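# Close look at the chain arrangement
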Amino acid sequence: MDPVVQWPVAFLGIERPGSMASVVVWLVLLAVALLLVLLARSRRRPRTRKPPGRPHGTTLGSALSGVRERLESVWSRTPGSAAAWEEMENELVAADMGVSAARRIVEVVRDAGLSGADEIRPVVRAELNRVLAGYDRDLHLTGTPSIVVLVGVNGAGKTTTVAKLASRLLAAGKSPLIGGADTFRPAADTQLRVWTDRLTIPLVSGARGADPASVAYDALQAARARGADVLIVDTAGRLHTSHNLMEELAKVVRVLGRDGDRVSEVLLVMDATTGQSGLAQARRFADVGVTGVVLTKLDGTAKGGVVLAIEDEFSLPVKFVGVGEGIDDLLPFDGPAFVDALVGAA
Ligand SMILES: Nc1nc2c(ncn2[C@@H]2O[C@H](COP(=O)(O)OP(=O)(O)OP(=O)(O)O)[C@@H](O)[C@H]2O)c(=O)[nH]1
Ligand SMILES: [Mg+2]
């Protein structure tokens, strides 16, 4: 008998090598060998790693590609006619840039006698960069604990941003504590609890209907007692047109500063998809001492020019942008990267 056939046959005690039993043995051995090869190959393959945080320019670049392409198309056609200038202004306004900024840009381009995308683009870029330059976009964390309050209209993304911000601070080695001062919405506490459990950070929230200012104050006491670095306070969504609700918000900010603490940041969370109507919000919320804006849902809009309108009209810095619902989808706002995304790189 062939020695290669002989050993498994002998090992398994099969008497007749040509029999059905020996064929089965060989099939089993073949299957085992195949399995071993597959196993070895899968081990050699590098493990898929979670992709690093999406670069700002890329995310916004794809979100704003529609505006960019439309502007390019307007610029590529020979301008000069009143209709062409009007078309350009309309595209800028359609990107939510605000009428005054759009008009100014068109005037600059027209007065310089420019034509064609290659001549116009750099001038528009320079004008947009000028509007966005000079803002302090840092998140200021002063005092122990530092106090950050998030405000805004219903559904703007406040609670999600509280969690995203806490996650960023955790990654920076800080110890945040969350104050759940939205005592109005039934599921507000549960929503926050899901995030704080996931991040394993403490949450101090109040019963439904409790006074938001006293909940915020309790959270501040807890933050002090636990030695937390940063207190992030979530507040209920409110219509900026409601005087009483805006007063309630002012009280939250006031009470947090009662013991000589200073609220470091009052961030207005704005939904980018609401476009120009967001400007009316910014005007009213600015009265409660807003120090900066978080513009959420930039991933869901093909516009985004509202950033320019906010800064141009209210001189309020956009400090962060939300580009998704995930915990990592909060990015520091980067002016030049934004301009690249909106009108194309130089
Ligand atoms: N696509 C996208 N969705 C977002 C972003 N930020 C928040 N959301 C979603 O927007 C919805 C509302 O978010 P919340 O954080 O509950 O908003 P809120 O301002 O706390 O809402 P109220 O407390 O009811 O006023 C949720 O479905 C979030 O997942 C973002 O940057 N991009
Ligand atoms: Mg909320």
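First, a word on what this report is: a plain description of the structure on this page. Note that the structure is predicted; figures quoted are calculated from it, not measured.

### Brief notes about empty space enclosed by the protein
In this structure the tally under the stated criterion is one cavity of 30 Å³ or more. The computed volume of the largest cavity comes to approximately 40 Å³. Surrounding the largest cavity, Gly180, Asp182, Ala188, Asp189, Leu192, Ser205, Gly206 and Asp234 form its lining. When residues of the lining of the largest cavity are assigned to their parent elements, the largest contribution, three residues, is made by helix H9 (residues 188–199).

### Some details on the sheet that holds strand E6 (residues 292–296)
By way of backbone hydrogen bonds, the strands of a sheet pair with one another, either parallel or antiparallel. Read across the sheet, eight strands follow the order E3-E2-E4-E1-E5-E6-E7-E8 without closing on themselves; strand pairing throughout is mixed. Looking at strand neighbours, the two that pair on one side only are strand E3 (203–205) and strand E8 (330–332), the edges of this open sheet. Strand-to-strand twist of the sheet, defined as the mean angle between neighbouring strand axes without regard to direction, takes the value 25°. Direction of pairing for E6 relative to strand E7 (residues 318–322): parallel, over a ladder of three bridges. Bridged to Leu295 within E7 is Val321. Contacts from helix H12 (residues 277–285) reach strand E1 (146–151) and strand E5 (263–271), with the element oriented near 160° to E5.

Conventions used here
- Residues numbered from 1 in each chain as written.
- Chains lettered and ligands numbered in written order.
- Predicted model: local features only at pLDDT ≥ 70, side-chain atom pairs only at ≥ 80, totals over all residues.
- Heavy atoms only, no water.
- 1 Å grid on protein atoms, 1.4 Å probe; cavity = no way out; pocket = protein on both sides within 12 Å on 5 of 7 lines; lining within 4 Å.
- Points joined across faces, edges and corners; volume = space filled by probe spheres on them.
- Helix = DSSP H or I, 4+ residues; strand = E, 2+ residues; numbered from the N terminus.
- Pairing = 2+ DSSP bridges.
- Axes fitted to C-alpha atoms, helices over the stretch in contact; angles between N-to-C directions.
- Contact = heavy atoms within 4.5 Å.

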